[in-house]
Structure formats: structure tokens, C-alpha cells
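Observations on the model geometry
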Amino acid sequence: MLDETLLDAPDALALADLRGLLRGAAEAGARVRTAARHAAEAGIAALRPEGRPRAVLVAGPGTAAAGVADLVGALAGAAAPVIRLQPTGVAPAAGALRWALPGWAGSVDLLLLPTTDGAEPGLALLAEQAYRRGVTVVAVTPKDSPLAESVGGARGLLVPMAMAPHETADEYGENLAASPGALWALFTPLLALLDRVGLVEAPPEALEQVADRLDRTAERCGPAIATYSNPAKTLAAELADSLPLVWTEGEVAGPTGRRFAAVLAELAGLPALAAELPEALPAHGMLLAGDYAAGADPDDFFRDRVEEQQALRARVVLLRDRPAEGNVLSAAPAARELALSHDTAISELEAEEGTPLENLAELLAVTDFAAVYLSLASAGRAPQ
């Protein structure tokens with residue numbers, strides 16, 4: 001159950017936010033600027049690559065690394081394949097995870113290692129394996145971590161992860177791996193790198209625009225802004241006790257929706273499904289007509305339900321990375337028609353006019369804020 005009164009109580013939200021998630025969301029713009037400076041100091045701006053890499057490999061644990069790989073793949077498009085190396089192991093712990101290079105990886109490929117921890121022995125072994133096979137290695141990790149030493153020893157490029165003065169590497173790795181600040185701390189230096197190798201257009205001025213858009217979005221979505229005029233709080237309230245079906249349209253909306261579903265599960269304990277339009281319509285259509293439909297109630301109408309937990313009902317969340325235009329083919333009208341034909345509520349979030357990177361930043365910021373508010377205001381789900 002969502003305590004909606006908590007959404008409009010900034011002081012109570014701050015007390016419930018033991019992991020600093022709201023602070024991480026609010027400081028995303030500042031994190032981008034710090035990370036961009038770290039990337040420049042590491043020498044990325046001075047790189048003179050001989051050409052584009054044949055493939056980009058991404059390895060790292062958790063939601064943040066998965067999100068980075070997905071976002072890089074969407075932005076790179078057809079310029080080069082982006083492949084996330086999935087970890088193996090007996091437990092989701094730093095010491096248990098292992099990664100392996102594909103057999104074809106070699107000197108024309110690029111390996112990215114984004115991690116908020118840097119204590120994973122498996123990533124250090126992967127960096128050594130890449131060095132032996134001539135793969136270029138770039139890591140974004142805390143500067144004093146074991147991985148930082150390994151990458152330096154393997155003649156790779158290290159970019160220290162951007163952290164605020166009040167944060168420590170241990171705190172970041174253990175508590176904030178899914179926070180908005182973690183994503184931008186890892187993602188920003190890699191954007192600068194991929195700009196230099198010709199896979200993504202992200203020059204310094206574009207990163208500054210991203211930071212500005214994140215700042216403006218944080219002003220609209222901050223805890224002091226009332227729910228009725230706060231898109232993130234409104235979305236959080238709408239998703240309470242629902243099964244979110246996150247339907248996306250646009251190149252950068254897809255990874256945003258998948259990250260939103262992952263963060264809802266990890267931070268708020270709320271299951272969610274994400275799919276891209278138009279394939280989302282047949283993929284999720286039965287959920288709108290089955291047990292999760294708005295009017296579904298197979299039990300006796302007169303049975304006492306006072307002590308029972310409310311059943312989840314599907315709610316469509318439509319994310320679009322660009323404003324609607326009359327000359328652009330869109331599946332959004334069909335999505336609305338399908339949802340309304342099944343009496344299913346629909347929430348819509350659309351980025352303002354801007355570059356793909358700016359639109360991506362806005363969608364990520366609003367959905368991250370919404371996931372944080374939902375986690376803090378949900379009874380029994382607030383972080384302990």
C-alpha cells in the first residue's frame with residue numbers, strides 16, 4: 001500500500017531515504033559534470049583513435065552496468081554491435097562472479113568495465129585476459145579499487161568514478177548500485193569515450209546540455225514539489241498496487257523502459273514488464289484481458305476482503321522519447337485504444353523537444369525519481 005501523504009511530506013521522505021536515493025536523483029546533473037571532468041583528466045579528450053572498434057563489449061555487475069550496456073547499444077545503433085557479457089557464478093557477490101571474452105574478441109574490439117564496486121576478482125581476470133588478446137580495456141570504477149590497479153597494470157584506460165564528497169566507495173558499492181547517481185557516474189565517461197571513437201555523438205557541449213536537462217527535471221520532480229504538479233510523484237501514485245506494463249516508442253525510450261522496470265523491482269519491490277511498441281501490443285495484450293485486467297475478479301463478490309492484500313491490476317505506462325508529430329508513424333494511438341478497450345488505466349510520459357541525449361536524460365530522470373518515491377512511500381518497502 002502506498003502512503004500518498006508521505007509523497008507531499010519532504011521531511012518525512014528525507015527520514016525514510018536511508019540510502020540517499022533522492023539525493024542521488026537530484027544530483028544527477030552535477031554527477032554528469034564531475035564524470036565528464038574525470039573523463040577529460042583521464043585523457044579521453046586527447047585520444048586519437050585509428051578507427052571505430054569492430055564491437056563493443058560491456059562487463060559489469062548489477063542494474064547499473066546492465067543499463068549502461070543497453071543505453072550504449074541504443075545510442076551506437078548500427079555503428080557497431082554492443083554486447084553485454086553476462087556473468088556466471090554461484091551467487092550475486094563480487095567474489096563469485098566471473099566473465100569470459102567471446103572466442104572472436106581481439107585487437108579490433110573494445111571492452112568497457114563499468115562498476116560501482118571495483119572489488120570483483122572476475123573483472124580483474126577479464127581485464128588480464130583482454131590484455132593478452134589485445135583487446136582495448138576502459139574501466140570506470142572507484143580510483144582506489146582493486147580493478148583500478150588491474151586495469152592500470154594491463155595498460156588499459158582508467159576513469160575514476162565520480163562520487164560526491166560525502167560518499168565513500170564502500171557506501172556506493174553496497175548501497176547505491178541502482179541509484180540514478182550511479183548510472184550517470186558510469187555512463188558519462190563512456191559517452192565521452194564513444195564520442196572520441198566515432199560511435200556516439202556526445203561532445204563536451206552535449207554532455208553539458210544533458211546535465212542542464214537533468215537539473216531542470218530535478219527541479220520539476222524534487223521532493224518539495226507537490227504531487228499534482230510533479231510528474232514523478234504523480235507516476236509513483238498511479239503505479240501503486242499495479243502491474244506496470246511499460247510500453248516504449250523511440251530509440252532511447254526502449255532502454256529507459258527496461259531500466260525503469262528493473263529499478264521498480266530492485267528499489268520498490270514492484271514487478272513490472274517492459275516491451276517496445278508495436279510488439280508490446282500482442283506480447284502484453286492477454287494481460288489486459290486476463291487475471292490482471294482492471295475488472296478481473298473471479299471470486300465471490302460478497303466475500304470479505306478487508307484483511308486481504310489488494311490484487312495487482314495492469315496499468316500501461318507509455319514512454320516516448322520525442323513529442324508527437326503528425327508526419328511520424330506511431331503505434332501510440334493503437335496502444336491507447338487497446339488499453340482503453342479493456343478499461344485499463346494508462347500513464348504517459350513524453351520527453352520535451354531536444355537532442356536524443358537530452359530526451360534520454362529527461363526520461364531517465366523522471367522514471368528514476370518515480371521509482372524512488374514509490375519505494376519510499378510504499379508500506380513495508382522502504383529501504384532499511
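See above for the structure.
So, here's what we can say about the structure. (Residues numbered from 1 in each chain as written. Predicted model: local features only at pLDDT ≥ 70, side-chain atom pairs only at ≥ 80, totals over all residues. Heavy atoms only, no water.)

1. Quick notes on the pattern of salt bridges
Tallied over the entire structure, the rule returns 17 salt bridges. Between R336 and E348 there is a salt bridge, with its nearest N and O atoms 2.7 Å apart. Here R336 is found in helix α14 (residues 332-341), whereas its partner E348 is found in strand β9 (residues 346-350), with 12 residues between them in sequence. Accessibility expressed as a relative area gives 28% for R336, which makes it partly exposed. Connected through shared salt-bridge partners, R33, E208, D212 and D215 make up one network. (Salt bridge = Lys/Arg side-chain N within 4 Å of Asp/Glu carboxyl O. Helix = DSSP H or I, 4+ residues; strand = E, 2+ residues; numbered from the N terminus. Buried < 20%, exposed > 50% of the residue type's maximum accessible area, 1.4 Å probe, protein only.)

2. Topic: unusual backbone geometry
Between L277 and P278 the backbone carries a cis peptide bond, its omega angle lying at 5°. With respect to the secondary-structure elements, P278 resides in the loop between β7 (273-276) and α13 (280-284). For D343, which is not glycine, the phi torsion reads 55° and is therefore positive. Locating D343 in the fold gives a position in the loop between α14 and β9. Overall, D343 belongs to the exposed group, its relative accessible area being 65%.

3. Things to note about the sheet that holds strand β8 (residues 313-320)
Sheet strands pair by backbone hydrogen bonding; their relative direction is either parallel or antiparallel. Taken in spatial order, the four strands make up an open sheet running β7-β6-β8-β9, and their pairing is parallel. Looking at strand neighbours, the two that pair on one side only are β7 and β9, the edges of this open sheet. The average angle at which neighbouring strand axes cross in this sheet is 20°, direction not considered. Against the sheet, helix α11 (residues 231-239) engages β6 (242-249), β8 and β9, with an angle of about 155° to β8. (Pairing = 2+ DSSP bridges. Axes fitted to C-alpha atoms, helices over the stretch in contact; angles between N-to-C directions. Contact = heavy atoms within 4.5 Å.)

4. Some remarks on helix α10 (residues 204-221)
Between its first and last C-alpha atoms α10 spans 26 Å; for 18 residues at 1.5 Å apiece the expected length is 26 Å, and the two agree. For α10, every residue scored as buried is listed here: A206, L207, V210, A211, R213, L214, T217, A218 and C221. Taken end-on, α10 shows its buried residues confined to a sector of 165°, consistent with a single buried face. Facing away from the buried side of α10 by more than 90 degrees, the exposed set consists of P204, E205 and E219. Structurally, α10 contributes buried residues whose contacts are with α3 (21-26), α4 (28-41), α9 (180-196), α11 and α15 (356-377). (Expected span 1.5 Å × (residues − 1). Arc of directions from axis to C-beta.)

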